[in-house]
Amino acid sequence: MDYHLKEHYDVKSPIDMACWDILGKHSKLPLCTLLGGRYGESVKLHYHVGQNTPEKTREIVTRFKNEGFECFQLKVGSNPTQDIQRVREIRKMLDPSNILMVDPNTAWLPHQAIRFANAVQDLDVYLEQPCASYEENLHVRRYTNLPFILDESTVDVVRLMQGGLGQVAQGVVLKMGRLGGVTKTKQARDLCVNLGIAARIEDPWGGEIASAAIAHLAHSTPEKYRIPSIDLNNYNSVKIAEGGPVRVNGTIAANKGPGLGITPCMDVLGDPVLTM
Ligand SMILES: [Mg+2]
């Protein structure tokens, strides 16, 4: 696909995903087996908490902590002063063993990110890609000891090696739509395992199909190297396939059926835009 069309990884990703599904169905094996095996009984999830009022944020964290989630990702980035207060408050609500990842999604300039990091340096939190460019994040990294996750900068294996080997991040987010599908995400994941970098397998967004691929890739990643993943389908109101990941106590498991283990709902998806 890269020979015929440069970039456009979000378009190539579902085609690559479909090829793996065909291989799995043909060989009668679940995708996680083809990708390296099924490590452990399940895959831990994080719950994504958006930018809400303090009351709403408290309500969400309480609800999903009670549902069994042990990891939360808090969206920040609009106002560093308020963000510092929100992070302090939520960290207090969590158990010591719970993980809190704070994600401004590249919203800050280095001075804002450093101010934030200084203000929460006594807390047990992960800082996720505070600034847009790799160089800005490298700059921030030099001023904080908080564990660092790179997300938007992990666009390919070369950047991944810079991020990890350049000593910016101890964790990375691998999104299939950004990397170009299951094949390239598996390559990146395997590199992470070799470099000792933890990986959070994701997609920019998706329904049951993408979420099934996330579950298989995450489940085939040795547990030591996993950052709790996400079940995107369970945030949606429309189901596009049967057999997508089912959330149980803040975890999911890769479907044991062949391939992705899902059956697309063609009545919801409509006519194919591409036939091969
Ligand atoms: Mg992120």
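Definitions and limits used
Residues numbered from 1 in each chain as written. Predicted model: local features only at pLDDT ≥ 70, side-chain atom pairs only at ≥ 80, totals over all residues. Heavy atoms only, no water. Buried < 20%, exposed > 50% of the residue type's maximum accessible area, 1.4 Å probe, protein only. Helix = DSSP H or I, 4+ residues; strand = E, 2+ residues; numbered from the N terminus. Pairing = 2+ DSSP bridges. Right-handed = clockwise from strand over helix to strand, strands pointing away. Donors = N, O, S within 2.8 Å, 3.2 Å for Na, K, Ca; no water. UniProt positions renumbered as here; feature names shortened; annotations may be inferred.

Undergrad: A description of the pairing of strand 3 (residues 71–75) should follow, citing residues and the corresponding values.
TA: Of all the 5 residues making up strand 3, 4 are buried; the element is thus mostly covered by neighbouring parts of the structure. Alignment of strand 2 (residues 47–49) against strand 3, held across 3 bridges, turns out to be parallel. Bridged to His 48 within strand 3 is Gln 73. In this fold, the crossover linking strand 2 to strand 3 by way of helix 3 (residues 54–66) has right-handed handedness. Note that strand 3 and strand 4 (residues 99–103) share 5 bridges and pair parallel. What sits directly across from Leu 74, in strand 4, is Val 102.

Undergrad: Hey, could you go over the coordination of the magnesium ion for me, with residue numbers and the actual values?
TA: Protein-derived coordination of the magnesium ion comes from Asp 103 (OD), Glu 128 (OE) and Asp 151 (OD), at a distance range of 2.1 to 2.3 Å. Counting gaps between the donor residues of the magnesium ion yields the pattern D-x24-E-x22-D. Of the two residues, Glu 128 is situated in strand 5 (residues 126–128) and Asp 151 in the loop between strand 6 (148–150) and helix 7 (157–165); the sequence distance between them amounts to 23 residues. By relative accessible area, which is 0% here, Glu 128 ends up buried. Asp 151 sits in the buried class, given a relative accessible area of 1%.

Undergrad: I'd like a description of the pairing of strand 4, backed by residues and values.
TA: Counting buried residues along strand 4, 4 of its 5 residues qualify, which places the element largely inside the surrounding structure. With respect to chirality, the unit in which strand 3 leads through helix 4 (residues 80–93) into the neighbouring parallel strand 4 is right-handed. As judged from the 2 bridges shared by strand 4 and strand 5, these two strands associate in the parallel manner. Each residue of the ladder has a partner; that of Met 101, found in strand 5, is Tyr 126. Considered for its hand, the β-α-β crossover made up of strand 4, helix 5 (residues 110–119) and strand 5 is right-handed.

Undergrad: Hey, could you go over the UniProt feature "domain: Mandelate racemase/muconate lactonizing enzyme C-terminal" (unreviewed entry) in the protein chain for me, with residue numbers and the actual values?
TA: When the UniProt feature table is mapped to this numbering, "domain: Mandelate racemase/muconate lactonizing enzyme C-terminal" (unreviewed entry) covers residues 54–147. Its end C-alpha atoms 25 Å apart, residues 54–147 is made of 48% helix and 14% strand.

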